[in-house]
Amino acid sequence: MSRKLLKSTLIVSLMTLLSRVFGLLRDVVLAVFFSASGGLDAFIVAFRIPNFLRRIFAEGGFSQAFVPVLAEYKQQREPAAAQALVAQITAVLGLVLLVTTVLGVLLAPWLIYLFAPGFIEQPGKQLLAADMLRITFPYILFISLTALAGGILNTYGRFAVPAFTPVLLNLSLLGCAIWLAPRFPETSKVIALAWGVLIAGIVQLVFQLPFLQRIGMLPGPGLNKDWEGARRIFKLMLPALFATSVMQINLLVDTMIASFLQSGSISWLYFSDRLIAFPLGIFGIALATVILPYLSDKHSHAEMQAFSKTLDWALRWVFVIAVPATLGLILLAAPAISTLFQYHEFSRFYVEMSSYSLIAYALGLPGVILTKILSSGFFARQDTKTPVRAAAIAMLCNIVLSLLLVIPLAHAGLALATSLSAYINVAILYRRLRRGGHYQYQPGWAKHLLRISLAVGLMSLPLYLFVPGLDHWSGLVLTERVLELLLWIAIGVLIYTAVMWLTGYRDFYPAREA
């Protein structure tokens, strides 16, 4: 079964990789056309608000509550019962989202005041952000229904389509930035990006419908007398909304505080966060997406040994991938930012500022991925209270740390606070899983960590000693930057892989007995 899990994870990772590549291309275009300007700051806020709600209602709390219950219906009941559950959830969720969307559009100026209070002193930026939010807010309606469709497909083992769907968002934003923006006045061309967000929400939903039709689970809204499944989902969803959204809440806290800092701070945090999203999405989210239905199935069949071994397998893979990714991002932070974004008005100073927050975010990458995996261990058992408590503590710690670190470290202090709070979340979740007997680590962890430490150390040495400084990268043309960055990445990957292989790492399926 672990071979099937790894295969599914690789499929999701490849689709996510494609999405992230287009996402990076999108961000390069944003940097080239809009730079770290006040207009881009306004768009980031206008996009982050519905995107935050998306990750709460859609990918976060809703999916974590919906998938385990649907998996149980799929395994233990007639197909008609699962179809009725999907129809009922579609009706209720659609109505809630419609009301939320209308309120969001009407309250756009006040939402900007709430999420970017620093814009009050910049009336032009505040007005622009509010205008764009009225356009982007309906995105939450379409993308949440898209997530509903994706949750159904994942439960039925169709992982590739939901993983590919975000590519359409990036293509939409690219198209609007390149072809629509020039048709707007110079002072408001950034509004084209807001229309790109709205178009993407509609396209992503429509794209998944044929695939749902093929498995006989096309979600048409409809109510019935059996509210048991719906009640369980919404009961689980309310605390899960918060538990899975700590990272997003932390980012919003960062945005709120950064709105009081030097102009461009929000953009610096955005660009560095986008690079963190690359390994996080390719591996962390992909792995959590794949193991949740499997863990839910094992829990419903009371196969607790298999449940524990699957968690152990996933945690080992987190260290194999996340630790070298973290060191690579730290050592190549400035070259990566320079290669991707240093064009036109995105100056050397912007590169330096963005690289500081990238390093700070990178320090927390393993913690963020571990949180997603450990949280799946609770959600699969339909326990949402424990992740909520952990998330609440982590969020409060992040707020305190942000206020303490923003003074000496400015925007980089906000990123560092987010990273530190992720490890607090991990510590709480791990302790509770161990105490409850839901996770027992398998033999071989000491050798596993020693092997990774040796490989990462040898990988980091040449990168630390020989990667040129920022002055070198600023003097290169685009082709030279890309080729040299890829060369250094390849050197790091080859050294790490070679050391892992030479030290005997062969067991890619440690959970095969599960």
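Residues numbered from 1 in each chain as written. Predicted model: local features only at pLDDT ≥ 70, side-chain atom pairs only at ≥ 80, totals over all residues. Heavy atoms only, no water.

## Some remarks on the nonpolar core
Ranked by internal contacts, the top residues of the largest apolar core, which has 154 residues, are Phe43, Phe66, Met132, Ile152, Leu287 and Ile373. Here this core gets 14 residues from one element, more than from any other, and that element is helix H13 (residues 265-300). Setting aside anything within four residues of it in sequence, one finds Met132 in contact with Gly39, Ala42, Phe43, Ala46, Val190, Ile191 and Ala194. Residues Val12, Phe159, Ala163 and Ala286 belong to the second largest nonpolar core, which totals five residues. (Core = buried A, V, L, I, M, F, W, Y, C linked by side-chain atoms within 4.5 Å. Buried < 20%, exposed > 50% of the residue type's maximum accessible area, 1.4 Å probe, protein only. Helix = DSSP H or I, 4+ residues; strand = E, 2+ residues; numbered from the N terminus. Contact = heavy atoms within 4.5 Å.)

## With respect to the packing of aromatic side chains
Enumeration over the complete set of coordinates arrives at 11 aromatic pairs. Taken together, a centroid distance of 5.7 Å and an interplanar angle of 85 degrees make the contact between Trp268 and Phe349 edge-to-face. Remark: Phe349 occurs in helix H16 (residues 348-362) and Trp268 occurs in helix H13; sequence separation between them is 81 residues. What makes Trp268 buried here is its relative accessible area of 1%. Ring geometry for Phe349 against Tyr350: centres 6.3 Å apart, planes inclined by 50 degrees, an arrangement best described as tilted. Taking relative accessible area as the criterion, Phe349 reaches 35% and is therefore assigned partly exposed. Judged by relative accessible area, which is 19%, Tyr350 ranks as buried. Every member of this aromatic cluster is reached through a ring pair, and the members are Phe43, Phe47 and Tyr139. The ring of Tyr156 carries the charged tip of Lys74 above its face, separated from the ring centre by 5.5 Å. (Phe/Tyr/Trp six-rings, centres within 6.5 Å; stacked < 30°, edge-to-face > 60°. Lys NZ or Arg CZ within 6 Å of the ring centre and 35° of its normal.)

Scope: geometric values only; no functional claims are made or implied.
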